[in-house]
Amino acid sequence: MTEAAVQGLCEPGFERVREALAETLASGSEVGAALAVYVGKSAVIDLWAGHADAARTRPWTRGTIVNLFSVGKAVGAICALRLVEAGLLDLDVPVAHYWPEFAQEGKGRIKVRHLLTHQAALPAVARRLPPGAWSRWDVMTEALAAQAPWWEPGQGHGYHVNTQGFLIGEIVRRITGKTLGAYLRESLAGPSGIDFFIGFGPELDGRCAELLPQPASLEGDELRRQLSVDPGSLSGLPLMRVNAYRNPPEISGTGVVNTRQWRAAEVPSTNGHGNARAVARLYSALAGDGTLDGMRVLRPETVARAAEEQVYGEDIVLQRPTRFGLGFQLTMAERPLGPNPRAFGHFGAGGSLGFADPDAGLAFAYAMNQGRSGWQHKHVRRLIDLVYAAL
């Protein structure tokens, strides 16, 4: 692939970023990808390149959307924080105040904020759930309500890989009467024209990029080896870590990620679909005055509160350091979001990413369909570095 194959907007001064994106695709690190960067309210980069399918017959276009995995966790958090601003949700009230059934198994004192900080101790369901249970909202939320905490809630944190969206989404549903996907669409994404969806109909399938299997790697092979263990032979924390990714079996999208059933369902931590432009536009509001084309996303004081460190240290699930605010991953030495200390956002599996940097007034988003296993993606880090070098 040559630089000419990269399409879209690239303001003067950012040409090296465009070249790097072209080099990434030419090297085979990606099949299709998009990159968007806003400085203040203005887009300085809105680029896309490559193909939306494994056969490389469909070009990636301006309107292509793709499963962004955990990038959607921050979108769900924004929805919850909007309810806080509306006076409908209190982060320091027990979850059971809004969702009485949640109080089972001694969970009556778990606070709403613990769902946002990964301290609720519910990253997995212990009892084996049937295939397809991820598409049945009541099955998932009832199982989580009945699940005992895996550790003392509020005392440690562990990444709620696939469950956080069900937990937050059920509170949104109890308060508004709408699913998280419907609330997002009607209150935020629709009015502001943000192309981000949690559950959608077949009318958008033609815009979807296929997710391609991750190529072999040492880290990916090790993860697959761990997850191939029979959960029935495990107990305690090993069972928790395996079930966080594979109970029900396809909860991480395995084998179903390109299906109509997956796209129609609401698996908010995992199956949000969008593009780099949508995510960067959303974060541009959070990096600035909290508005997007005149519409209030969140007040600046709410954003500042959400970007304050809540937990930082060894993650019980991931077994490596993680750092969270209220629903957002925060920049840290082990996994920086640019050079500035107040940057916040969220990574997604395979390399997708969205973040805001209020010190630079910058928003960055990256989307792709090939993906790589691993916690760090050198080509994404390179794009970030080149963006900052161009400022």
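For the structure itself, look to the data block above.
So, here is what we can say about the structure in this document. (Residues numbered from 1 in each chain as written. Predicted model: local features only at pLDDT ≥ 70, side-chain atom pairs only at ≥ 80, totals over all residues. Heavy atoms only, no water.)

## Some remarks on the overall build of the protein
The condition is simple: Here a helix means four or more residues in a row that DSSP labels H or I, a strand means two or more in a row labelled E, and each is numbered from the N terminus. The quantity called the radius of gyration is restricted to C-alpha atoms. Its globule counterpart is 2.2 Å times the number of residues to the power 0.38. Between buried and exposed lies partly exposed: a residue is buried under 20% and exposed over 50% of the maximum accessible area for its type, with that area taken using a 1.4 Å probe on protein chains only. It only takes one pair of heavy atoms within 4.5 Å for two residues to be counted as in contact.
The number of helices and strands found in the protein is 13 helices and 14 strands. A globule of 391 residues ought to have a C-alpha radius of gyration of about 21 Å, and the protein, at 20 Å, matches this closely. In terms of its C-alpha atoms, the protein occupies a principal-axis envelope of roughly 60 × 45 × 40 Å. Looking at the 391 residues of the protein, the share that counts as buried comes to 59%. Counted over contacts in the protein with a minimum sequence separation of 6, partners at least 24 positions apart contribute 66%.

## A short note on the sheet that holds strand E6 (residues 273–274)
Applicable threshold: By this definition, two strands are paired if DSSP reports at least two bridges between them.
In space, the 3 strands of this open sheet follow the order E4-E6-E5, with antiparallel pairing throughout. Of all strands in the sheet, those with a lone pairing partner are strand E4 (66–67) and strand E5 (196–197), marking the two edges. In this sheet, E6 lies alongside E4 in antiparallel orientation, the contact comprising 2 bridges. Looking at E6, one finds that Val-66 is bridged to Gly-274.

## Focus on the pairing of strand E2 (residues 32–39)
Counting buried positions over the 8 residues of E2 gives 7, a clear majority of the element. The sheet contact formed by E2 and strand E3 (residues 42–50) spans 8 bridges and is antiparallel. Opposite Ala-33, over in E3, you have Ala-49 as the bridge partner. Between E2 and the antiparallel strand that follows it, E3, lie 2 residues; Gly-40 among them carries a positive phi value of about 65 degrees.

## Describing the side chain of Gln-329
The following threshold applies: Definition of a polar contact: a pair of N or O atoms within 3.5 Å, with one able to donate and the other able to accept a hydrogen when the atoms are protein atoms, and with sequence-neighbouring residues admitted only if both atoms are side-chain atoms.
Structurally, Gln-329 is set in strand E11 (residues 329–330). Residue classification places Gln-329 among the buried residues on the basis of a relative accessible area of 10%. Here His-346 takes part through its side chain, which lies 3.4 Å from a polar atom of the side chain of Gln-329. Within polar-contact distance, the side chain of Gln-329 engages the backbone nitrogen of Phe-347 at 2.8 Å. Among all residues touching Gln-329, those that are not within four sequence positions of it are Tyr-159, Arg-323, Phe-324, Arg-335, Leu-337, Phe-344, Gly-345, His-346 and Phe-347.

## Topic: helix H13 (residues 378–390)
As a reminder, the rule being used: To estimate how far a helix should extend, the number of its residues minus one is multiplied by 1.5 Å.
Relative to the 18 Å expected for 13 residues at 1.5 Å per residue, H13 spans 18 Å between its end C-alpha atoms, a close match to the ideal helical length. Where H13 is concerned, the buried positions are His-379, Val-380, Leu-383, Ile-384, Leu-386, Val-387 and Tyr-388. Looking at the buried residues of H13, the elements they touch are helix H1 (15–26), E2, E3, strand E13 (353–357) and strand E14 (362–368).

## Details of the pattern of salt bridges
Oppositely charged side chains can form a pair if their charged atoms are brought close together. Condition: Salt bridges are defined by distance alone: a side-chain nitrogen of Lys or Arg within 4 Å of a carboxyl oxygen of Asp or Glu.
Counted by the stated rule, this structure contains 16 salt bridges. We note a salt bridge from Arg-277 to Asp-46, for which the minimum N-O separation is 2.7 Å. Within this pair, whereas Arg-277 is found in helix H11 (residues 276–287), its partner Asp-46 is found in strand E3, the two being separated by 231 residues in sequence. Look at Arg-277 and you get buried, because its relative accessible area is 12%. Judged by relative accessible area, Asp-46 falls into the buried class, the value being 11%. A salt bridge links Glu-170 to Arg-174, with the shortest nitrogen-to-oxygen separation between them at 2.7 Å. Taken as a pair, Glu-170 and Arg-174 lie in helix H6 (residues 164–176) at a separation of 4 residues, close to a single helical turn. With relative accessibility at 1%, the residue Glu-170 sits in the buried group. Classification of Arg-174 by relative accessible area gives partly exposed; the value is 32%. What you see here is one network of salt bridges that share partners, running through Arg-16, Glu-19, Glu-23 and Arg-382.

## Topic: the nonpolar core
So the rule is basically this: Note on terminology: a nonpolar core comprises buried Ala, Val, Leu, Ile, Met, Phe, Trp, Tyr and Cys residues joined through side-chain atoms within 4.5 Å.
Formed by 86 residues in total, the largest nonpolar core has its most connected members in Tyr-283, Leu-286, Val-297 and Phe-328. A total of 10 residues in this core trace back to one element, the largest contributor, which is helix H2 (residues 71–85). Once residues lying within four places of it in the same chain are set aside, the contact partners of Tyr-283 are Ala-74, Phe-328, Phe-344, Gly-345, His-346, Gly-354, Phe-355, Ala-356 and Ala-363.

## Digging into the packing of aromatic side chains
Note on aromatic pairs: each is described by the distance of the centres and the angle between the planes. The criterion, for reference: Pairing of aromatic side chains here covers Phe, Tyr and the six-membered ring of Trp, requires ring centres within 6.5 Å, and sorts the geometry by plane angle: under 30 degrees stacked, over 60 edge-to-face, intermediate tilted. Distance and angle both matter: a charge sits over a ring if NZ of Lys or CZ of Arg is within 6 Å of the ring centre and within 35 degrees of the ring normal.
According to the stated counting rule, one finds 9 aromatic pairs in the structure shown. Ring centres of Phe-328 and Phe-344 lie 5.0 Å apart, and the angle between their planes is 70 degrees; this geometry places the pair in the edge-to-face category. Of the two residues, Phe-328 is situated in the loop between strand E10 (321–324) and E11 and Phe-344 in strand E12 (residues 344–347); the sequence distance between them amounts to 16 residues. Among the residues examined, Phe-344 registers a relative accessible area of 1% and is labelled buried. Ring centres of Phe-355 and Phe-364 lie 5.3 Å apart, and the angle between their planes is 25 degrees; on these two criteria the pair is classed as stacked. The class for Phe-364 is buried, based on a relative accessible area of 0%. One aromatic cluster is present, built from ring pairs that chain together Tyr-283, Phe-328 and Phe-344. The lysine or arginine in question, Arg-323, covers the ring of Tyr-312, its NZ or CZ lying 5.6 Å from the ring centre. Of note, Arg-335 hangs over the ring of Phe-347, and the distance from its end group to the ring centre comes to 3.7 Å.

## Considering the environment of Leu-21
By the element assignment, Leu-21 lies in helix H1. Here Leu-21 falls in the buried class, since its relative accessible area comes to 0%. Spatially, the C-alpha atoms of Leu-21 and Arg-109 are 48 Å apart, while their sequence positions differ by 88 residues. If sequence neighbours within four positions are ignored, Leu-21 has contacts with Val-6, Ala-33, Leu-35, Leu-47, Tyr-366 and Leu-383.

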